[in-house]
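A closer look at the structure
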There are 2 protein chains.
Amino acid sequence: MSLIVMKFGGSSVGDAERMKRVAKRIVERKRAGNRCVVVVSAMGDTTDDLIDLSKQIYPGKPPAREMDMLLSTGEQVSVALLAMAISAEGEQAISFTGWQAGFSTEPVHGNARISDIDPKRVIGALDEEKVVIVAGFQGLSEEGDITTLGRGGSDTTAVALAAAIKADLCEIYTDVDGVYSTDPRVVKVARKLKEISYDEMLELAHLGAAVLHPRAVEYAKHYQVQLVVRSSFTHNEGTHVKEEAVMEQGVVVRGIAFDKNVARISILGVPHKPGQLAKVFSALAEQNIDVDIIVQSGIGEQVADVSFTISTASDHVGKATGVLESIKDEIGYRDLSHEDDLVKVSIVGAGMVSNPGVAARMFEVISSRGVNIKMVSTSEIKVSCVIEKPQLNEVVQALHTAYGLDTTEQAFVGGPSDRR
Amino acid sequence: MSLIVMKFGGSSVGDAERMKRVAKRIVERKRAGNRCVVVVSAMGDTTDDLIDLSKQIYPGKPPAREMDMLLSTGEQVSVALLAMAISAEGEQAISFTGWQAGFSTEPVHGNARISDIDPKRVIGALDEEKVVIVAGFQGLSEEGDITTLGRGGSDTTAVALAAAIKADLCEIYTDVDGVYSTDPRVVKVARKLKEISYDEMLELAHLGAAVLHPRAVEYAKHYQVQLVVRSSFTHNEGTHVKEEAVMEQGVVVRGIAFDKNVARISILGVPHKPGQLAKVFSALAEQNIDVDIIVQSGIGEQVADVSFTISTASDHVGKATGVLESIKDEIGYRDLSHEDDLVKVSIVGAGMVSNPGVAARMFEVISSRGVNIKMVSTSEIKVSCVIEKPQLNEVVQALHTAYGLDTTEQAFVGGPSDRR
């Protein structure tokens, strides 16, 4: 008999019919002899509808505490209805809000971190043979205020709860079949992965494979919670995420990720003095500008060029150039330049540590297509290249083939992402 | 500086615009130098929408605990949005769920009674000059489960909280101007009452004047909480509900109430034996059939006729005759009869205790219209007569005039009732 945590996102429980289908799925797992804890998000568009309502009432950004009070009702509705749906299937079920399930968080609204979990009510209900339904995405601060965990919060709730109750497995049900070697919308022959390591998943999650939230993966790695990402619409086997994932013979790259919204900013002619880089990036951090790749050239010369990438998804490019102009005299650099229409493509795989030439192969594949590599960044399990946007799909296809990732099956392409 | 509790029903906060208008009203009271606690119901049709959703998922009556979990979100949405609306008006506000405001209830779902209130967070927030917004209709059981108080629950929340924090006044905002001498839809010259006593209000509330829930009035009487019933749409003075209400000169009847859904069931030829009545009404009570007026005739004879009234609003008539037939042999009565199309009309007034002839006057007014009185029931402050339905409006009109209640103003007729 296994103890499992099952997590369903908002689109999996988008309406009454889907809710009933999810209930059947849970009851199946229970009757197969498992003890089941279920974490669920708000139904479909509920969260967006509540946000719309708040906008009608409060011009601008509403008080964060009240926003959490408002949004947390979405999950509370889901857990109550799902408990009813399971009861309708003939199994006993009980729903808990975040605070009833014992989730304590920092006293932060909108993006709180879990500080403690006391799952005694969850365990008590499991001992009574009940299916336990827990509201994702929410907790309680020390002051007794309702908090929310921010985007991907329900994934984190599921993983953290799995760790707290020492579950054997945490199943993340989503609208795709599992984790793919790359986006199946770009590469039709993308391969569904049987296994992937936490570190690889983290790289992929950060790089935009919107299946699992990075914070949840970090949590899983830290507490060694075994995850499975699988579809809530099919019974296909999903992708296991664990410490040591087995590589198929001859495969060193697990997947290809990409980010379509990259801008590069370059600071030209920065005089070599201690503390210059620190000054630049502290100034950017103070304005909450997230910097990704940083490259410095001209080592050993009198002046250096510093380039970095930021996301073009928000208005950070204008903000960043503004910040840099304001410190021009202090730093003493010569000029600024920026390029907006860039993308980042990355190969990820734990196997590349022991396989020299993996990066060289990547550069070769890209340049053989006449594509310029603007920046490079590497980690132990990843190589990223920044290139121009128009060639992205062609490059991803070519890398996928070059690293032996093509399969003959056509990948299932899911609907919109199902995370919260 | 007064401490006031203001209660707004669901239709007063039915959409974003109404919510903002209510917020302005509250801010007005606060800026006039009052400390304000606000109790609010779920917005407009929210509760009905949630019930519909549960019906799509659970055939029949869903588990009561989960129903409370579901429905309590309606008020939670309201309090969060109202706190935002007040913040938008420039005053500090904080919202609390029932459990955050310290409401403990019996461990009963759907119709719990308040067992204790520990309003320390409410008082703490008042001390910080905040407007405190509390979710009506809900509390927490000792087990830590969310409970709801049943119909009229938000009225009860407001009154109980007013008692707990020793408020100077509890204002019930509704969609009518106050309590009227009778239903203004029936009698155009109905009089808005300036004052009414708790006992009179209780009789009127029980008799169907859907302005205040009887449980809330009982609570107010018990804790001597002064109430005002007033409109959320106008600034007209409302009706004060208090222990000793002043009667206008020469007026002994405060109001005329009526109930349009009355059936009479008669048990004919019941042999006189001890315990017969107890058997009949225990059998009915076991089936949750609420009996109103009971009359026994034939005292001193060998057999008696027993008549009682029940509401025709549900299927209680068929249920009751079924129960009575099942105990026919045990009781040994001769026959059953019932009449469905009846109404009850009542005069209510604390003054009638010391004014003989008030009841006689009522009988005279009714019979002078050729209307048969089928049953009579009296209390210290009320006389009720059961008559046939067709003459109801005429009788109410005549009684209203006979007891000097007509005014020359035409009464404001509100929309649908605003209670929960």
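Chain A carries the name Aspartokinase in an unreviewed UniProt entry, which gives Paenibacillus contaminans as its organism. Its UniProt record, at the heading Subunit (unreviewed entry), says of chain A: "Tetramer consisting of 2 isoforms Alpha (catalytic and regulation) and of a homodimer of 2 isoforms Beta (regulation)."

1. Some details on the overall build of chain A
When you go through chain A residue by residue, the secondary structure sums to 12 helices and 18 strands. The C-alpha radius of gyration of chain A comes to 23 Å, within 12% of the 22 Å expected for a compact globule of 420 residues. Counting only C-alpha atoms, chain A reaches 75 × 55 × 35 Å along its principal axes. For chain A, the residues scored as buried account for 56% of the 420 residues in total. In chain A, the proportion of contacts linking residues at least 24 apart, taken out of those at least 6 apart, comes to 75%. In the form shown here, chain A has an accessible surface area of approximately 17500 Å², with 47% of it arising from carbon and sulfur atoms.

2. Brief notes about the domain arrangement of chain A
Residue and element names in this part refer to chain A. In terms of domains, chain A is made up of domain 1 (3-247) and domain 2 (256-402). For domain 1 and domain 2, the distance between their C-alpha centroids amounts to 34 Å. Taken residue by residue, the interface counts 14 residues in domain 1 and 17 residues in domain 2. Summed over both sides, the interface of domain 1 with domain 2 buries roughly 1300 Å², with 65% coming from carbon and sulfur. Notably, a salt bridge pairs Glu203 with Lys382, separated by 3.9 Å at the nearest N-O pair. Where domain 1 meets domain 2, there are six residue pairs in polar contact (both at pLDDT 80 or more). Broken down by class, the residue content of the side of domain 1 that touches domain 2 amounts to seven nonpolar, two polar and five charged.

3. Remarks on the sheet that holds strand β1 (residues 3-8) of chain A
All names here are of chain A. If you trace the eight strands from one edge of the open sheet to the other, you get β3-β6-β2-β1-β9-β11-β12-β10, paired in mixed fashion. What marks the edges here is a single partner per strand, and that holds for β3 (93-96) and β10 (195-197). Each strand axis lies, on average, 20° off the axis of its neighbour in the sheet, ignoring direction. With five bridges connecting them, strand β9 (residues 169-174) and strand β11 (residues 227-231) associate as parallel partners. Note on β11: the bridge partner recorded for Ile172 is Val229. Seen against the sheet, helix α4 (residues 120-127) touches β1, β2 (35-40), β3 and β6 (131-135) and runs at an angle of roughly 135° to β2.

4. Brief notes about the UniProt feature "binding site: ATP" (unreviewed entry) in chain A
Residue and element names in this part refer to chain A. According to UniProt, the positions carrying the feature "binding site: ATP" (unreviewed entry) are Lys7, Phe8, Gly9, Gly10, Thr174, Asp175, Tyr180 and Arg185. Taking the farthest pair of C-alpha atoms as the criterion, the annotated set spanning 179 residues is dispersed, since that pair is 24.6 Å apart. Structurally, Asp175 can be placed in the loop between β9 and β10. You can call Asp175 buried: its relative accessible area is 6%. A polar contact is formed between the side chain of Asp175 and the side chain of Thr174, at a distance of 3.2 Å. Inspection of the secondary structure assignment puts Arg185 in the loop between β9 and β10. Classification of Arg185 by relative accessible area gives exposed; the value is 58%.

What counts and what doesn't
- Residues numbered from 1 in each chain as written.
- Chains lettered and ligands numbered in written order.
- Predicted model: local features only at pLDDT ≥ 70, side-chain atom pairs only at ≥ 80, totals over all residues.
- Heavy atoms only, no water.
- UniProt positions renumbered as here; feature names shortened; annotations may be inferred.
- Helix = DSSP H or I, 4+ residues; strand = E, 2+ residues; numbered from the N terminus.
- Rg over C-alpha atoms; globule rule 2.2 N^0.38 Å.
- Buried < 20%, exposed > 50% of the residue type's maximum accessible area, 1.4 Å probe, protein only.
- Contact = heavy atoms within 4.5 Å.
- Areas by Shrake-Rupley, 256 points an atom, 1.4 Å probe, with all protein chains shown as cover.
- Domains from an automatic or database assignment.
- Buried area = accessible area lost by both parts, 1.4 Å probe.
- Salt bridge = Lys/Arg side-chain N within 4 Å of Asp/Glu carboxyl O.
- Polar contact = N/O pair within 3.5 Å; in protein donor to acceptor, adjacent residues only side chain to side chain.
- Nonpolar A, V, L, I, M, F, W, Y, C, P; charged D, E, K, R; others polar.
- Pairing = 2+ DSSP bridges.
- Axes fitted to C-alpha atoms, helices over the stretch in contact; angles between N-to-C directions.

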